[in-house]
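Each chain, letter by letter, is given below.
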Amino acid sequence: MTQDRRAELQRNLDEVNARVDAACAAAHRPRTDVHILAVTKSFPASDIDVLAELGCTDVGENRDQEAREKKEQVKAGLRWHMIGQVQRKKAKQIAGWADLVEAVDRPELADALQLGAQGVEKNLDILMQISLDPIGTQNRGGVDRSQVSALAEHILTLSHLTLTGVMAVAPVGSDPSAAFELLAGAHERLLRVAPQAQMVSAGMSADLEAAIMHGATQVRIGGALLGNRPLLT
Ligand SMILES: *Cc1c(COP(=O)(O)O)cnc(C)c1O
């Protein structure tokens, strides 16, 4: 089974890489601009071991307990991203295993992560999640686009957090290109306040091409890499 799974993951990774290559070429961007985050939520630690052997360096998880358990089992040293919504009461635990928290969208959450990071004496990289939904219907999380500078200024005051960039999820059922264009605009405004926040985490299995066209530096790939998720997440 392991050999089969390894071959399957290798094949999927080759396909995703080919899509990223083509998208970078179409966008006239160097291939080295774009990093692939393997979204391993609901898949076993053994898959993460294989992905690490295949050269993946970063994994994304969206549940605190699941991520902690898997990190204990995985042998390779990887960068662990928390990509899901974070409840404030879970911030302390998440600061324990995560290297980067992708969905920070409110000052209270940043404060809780700061406390958690301080407690374990580490620095946490932070992405600000930007809402790409029509104003007032933020069903997928994210800060309102009018609040980007204010939230950035708050995060910049927190000693154990480093604001590294932005993250977004395109709204369901609408044109991802239009959404990622809004993200690019918000990122530009963020850079005026936080010039080091260069990372743009956008694009998933279905819309990575549109995201790369609009400046993504990291695509978050689950299904196209690992197959259909065994559990509903
Ligand atoms: C699950 C998830 C992904 C991966 O989505 P796929 O469509 O499986 O590639 C990316 N980003 C976030 C925030 C997710 O929760």
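Scroll up to find the structure this text is about.
Residues numbered from 1 in each chain as written. Predicted model: local features only at pLDDT ≥ 70, side-chain atom pairs only at ≥ 80, totals over all residues. Heavy atoms only, no water.

## With respect to the overall build of the chain
Counting secondary structure elements, the chain contains nine helices and eight strands. By the compact-globule yardstick of 17 Å for 233 residues, the chain fits well, its C-alpha radius of gyration being 17 Å. Referenced to the eigenvectors of the C-alpha coordinate spread, the extents of the chain come out at roughly 50 × 40 × 30 Å. Scored against the burial criterion, the 233 residues of the chain give a buried share of 51%. Counted over contacts in the chain with a minimum sequence separation of 6, partners at least 24 positions apart contribute 60%. For the chain, the centre of its 25 positive side-chain charges and the centre of its 30 negative side-chain charges are spaced 3 Å apart. (Helix = DSSP H or I, 4+ residues; strand = E, 2+ residues; numbered from the N terminus. Rg over C-alpha atoms; globule rule 2.2 N^0.38 Å. Buried < 20%, exposed > 50% of the residue type's maximum accessible area, 1.4 Å probe, protein only. Contact = heavy atoms within 4.5 Å. Lys, Arg positive; Asp, Glu negative; His and termini not counted. Charge placed at Lys NZ, Arg CZ, Asp CG, Glu CD.)

## Details of the site of the ligand
In the vicinity of the ligand, the contacting residues are Val39, Lys41, Ile83, Met167, Met204, Ser205, Arg220, Ile221, Gly222, Gly223 and Arg229. Between the ligand and Arg220, the relevant distance is 2.8 Å, taken from a nitrogen atom to a side-chain nitrogen or oxygen of the residue. Broken down by class, the residue content of the shell around the ligand amounts to five nonpolar, three polar and three charged. (Near = heavy atom within 4 Å. Polar contact = N/O pair within 3.5 Å; in protein donor to acceptor, adjacent residues only side chain to side chain. Nonpolar A, V, L, I, M, F, W, Y, C, P; charged D, E, K, R; others polar.)

## Topic: the side chain of Asp64
If you trace the backbone, Asp64 turns up in helix H3 (residues 64-73). Of the residues examined, Asp64 reaches a relative accessible area of 7% and is grouped as buried. Here the side chain of Asp64 touches Arg68 through a polar contact of 2.7 Å, side chain to side chain. Those residues within four positions of Asp64 in sequence are excluded, and the remaining contacts are Lys90, Gln93, Ile94 and Trp97.

## Some remarks on the layout of surface pockets
When its volume is computed, the second largest pocket comes out at roughly 150 Å³. Along its surface, the second largest pocket is lined by Leu13, Asn17, Arg31, Val34, His35, Ile36, Leu54, Gly55, Cys56 and Thr57. Of all elements in the fold, only helix H1 (2-26) and strand S1 (35-39) reach the threshold of two or more residues within the lining of the second largest pocket. By residue class, the composition of the lining of the second largest pocket is five nonpolar, four polar and one charged. (1 Å grid on protein atoms, 1.4 Å probe; cavity = no way out; pocket = protein on both sides within 12 Å on 5 of 7 lines; lining within 4 Å. Points joined across faces, edges and corners; volume = space filled by probe spheres on them.)

## Some details on the nonpolar core
Side chains of a nonpolar character, in soluble globular proteins, are inclined to be buried together. Formed by 70 residues in total, the largest nonpolar core has its most connected members in Val101 and Met128. Here this core gets six residues from one element, more than from any other, and that element is H1. When near neighbours in sequence (up to four residues on either side) are disregarded, Val101 contacts Met82, Val86, Ile94, Leu113, Leu124, Asp125, Ile126 and Leu127. (Core = buried A, V, L, I, M, F, W, Y, C linked by side-chain atoms within 4.5 Å.)

## Some remarks on helix H6 (residues 148-156)
Considered for burial, the residues of H6 that qualify are Val148, Leu151, Ala152 and Ile155. Along the axis of H6, the buried positions cluster into a sector of 100 degrees, meaning they face one direction only. Where H6 is buried, its residues touch strand S4 (100-104), helix H5 (107-119), strand S5 (124-129), strand S6 (161-167) and helix H7 (176-193). (Arc of directions from axis to C-beta.)

## Remarks on the pairing of S1
Counting buried positions along S1 yields four of five residues, so the element is predominantly enclosed. Where S1 lies against strand S8 (residues 218-221), four bridges are found, and the strand directions are parallel. Its bridge partner being in S8, Ala38 is matched across the sheet by Ile221. Bridge analysis of S1 against strand S2 (residues 58-61) gives two bridges, and the strand direction is parallel. (Pairing = 2+ DSSP bridges.)

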